[in-house]
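The primary structure of each chain is shown beneath.
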Amino acid sequence: MGMSMQLVLPLPRLDALRSGAHRLSGLGDPALADACGVHIFFTTREGGVSEGAYGALNLGSHVGDDPACVQENRRILMEALGAAGMPLVVPNQVHGDALAVICDGDPAGIEAAQTAAAAGADGILVGVPDVAALLCFADCVPVVIVSPTGRFAVVHAGWRGVMAEAAPGALRELAALDGLEGDAVDPAGCNVYIGPHICPSCFQTGEDVAAGFAERFGTGCVPDARHVDLQAALAASLVRAGASPDRIASADACTRCQSERFFSYRASGGVCGRHGAIAFRKVG
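A quick note: this is a predicted structure, and the numbers were derived from the prediction, not measured. (Residues numbered from 1 in each chain as written. Predicted model: local features only at pLDDT ≥ 70, side-chain atom pairs only at ≥ 80, totals over all residues. Heavy atoms only, no water.)

Asker: Any chance you could explain the pattern of salt bridges here in plain terms?
Answerer: Applying the stated criterion to the full structure yields 8 salt bridges. In this structure, the salt-bridge partner of Glu46 is Arg18, at a minimum N-O distance of 2.9 Å. In this pair, Glu46 sits in the loop between β3 (38–43) and α2 (67–80) while Arg18 sits in strand β1 (residues 15–19), placing the two residues 28 residues apart along the sequence. (Salt bridge = Lys/Arg side-chain N within 4 Å of Asp/Glu carboxyl O. Helix = DSSP H or I, 4+ residues; strand = E, 2+ residues; numbered from the N terminus.)

Spelled out as structure tokens, the structure:
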């Protein structure tokens, strides 16, 4: 169900947040949570129990870390965010544009969504309260889209995901779900949050990839023949899908430049943990 009265969300911003009890640091938007109950958080490496290349708050279960450490890191994260025990949906990310959708918050509905996510998805669309979606990253672009109704999507967009327009697709699906639930929402009223990811200077590609981006999203997202600005391409595609430029906020943090703070696949040579983008809506 949507909210009884549709809100005008506060303009998005990403503030540095810290949980002293758990030594967690990250980025979030407390004003959003105050307005509509949706909590968003982009994690850093800080605060978990993993060691070595996975140190310390690795949230990815597919990278070779001790599974018990990953589970403990996820538990620490949920407790730090005030969501201990809340059901968590974490997809098997496949660099595509498939969305898993949660429209039923009972145990069977959550299990069905978890099964769909495990089969392969790069976005989770959540239409119910008290269910959290977590996606994992180490250079790719995390995107969280929040509707004034309190429904939201969390999306993983590497360069293939940006080319596949995974985030604009999620924005359209979010608006469609709002409509199905009787809450007609203009996508321009949704907030978009772009988390830490690899910057244009660090993201060197083949000339064919850069040329494809220039053709699809305009030359403004291609600084030169071998580099791509994923955020510029992503923003262009979201605006084309109806998002308002004023409602797109960015962490402005490069994972490779700040690999001591974030996990970076390129900086580590391919062996590293994953930081996360998580969202959920609490009611009451």
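Asker: Got a minute to help me understand the pairing of strand β6 (residues 123–126) in this structure?
Answerer: Covered by surrounding structure in β6 are Gly123 and Leu125 together with Ile124 and Val126, the residues of both alternating faces. A crossover links strand β5 (residues 99–102) with its parallel partner β6, the connecting element being helix α3 (residues 107–118), and its sense is right-handed. Pairing geometry for β6 and strand β9 (residues 152–157), over 4 bridges, is antiparallel. The residue of β9 that forms the bridge with Gly123 is Val155. (Buried < 20%, exposed > 50% of the residue type's maximum accessible area, 1.4 Å probe, protein only. Right-handed = clockwise from strand over helix to strand, strands pointing away. Pairing = 2+ DSSP bridges.)

Asker: Before we go on, may I ask you to explain the layout of surface pockets in this structure?
Answerer: A water-sized probe, rolled over the atoms, reveals where empty space remains. For the largest pocket, the calculated volume is near 580 Å³. Lining the largest pocket are 27 residues, with His95, Cys140, His156, Tyr265 and Arg274 sitting closest to its centre. Elements supplying a minimum of two residues to the lining of the largest pocket: β7 (132–137), α4 (159–163) and α8 (265–268). For the lining of the largest pocket, the residue count by class is 12 nonpolar, 10 polar and 5 charged. (1 Å grid on protein atoms, 1.4 Å probe; cavity = no way out; pocket = protein on both sides within 12 Å on 5 of 7 lines; lining within 4 Å. Points joined across faces, edges and corners; volume = space filled by probe spheres on them. Nonpolar A, V, L, I, M, F, W, Y, C, P; charged D, E, K, R; others polar.)

Asker: Sorry if this is basic, but what is going on with the packing of helix α6 (residues 207–217) against helix α7 (residues 230–240) here?
Answerer: Viewed as axis vectors pointing N to C, α6 and α7 meet at an angle of 30°, and their least axial separation amounts to 10 Å. Looking at the two axes, α6 sits roughly parallel to α7. Crossing of α6 over α7 shows left-handed handedness. Residues Phe213, Arg216 and Phe217 of α6 touch α7, and the partners they reach there are Leu230, Ala233, Ala236, Ser237 and Arg240. Looking at the contact of α6 with α7, its residues break down into 5 nonpolar, 1 polar and 2 charged. (Axes fitted to C-alpha atoms, helices over the stretch in contact; angles between N-to-C directions. Parallel < 35°, antiparallel > 145°, perpendicular 65-115°, else oblique. Left-handed = near helix turned anticlockwise from the far one by under 90°. Contact = heavy atoms within 4.5 Å.)

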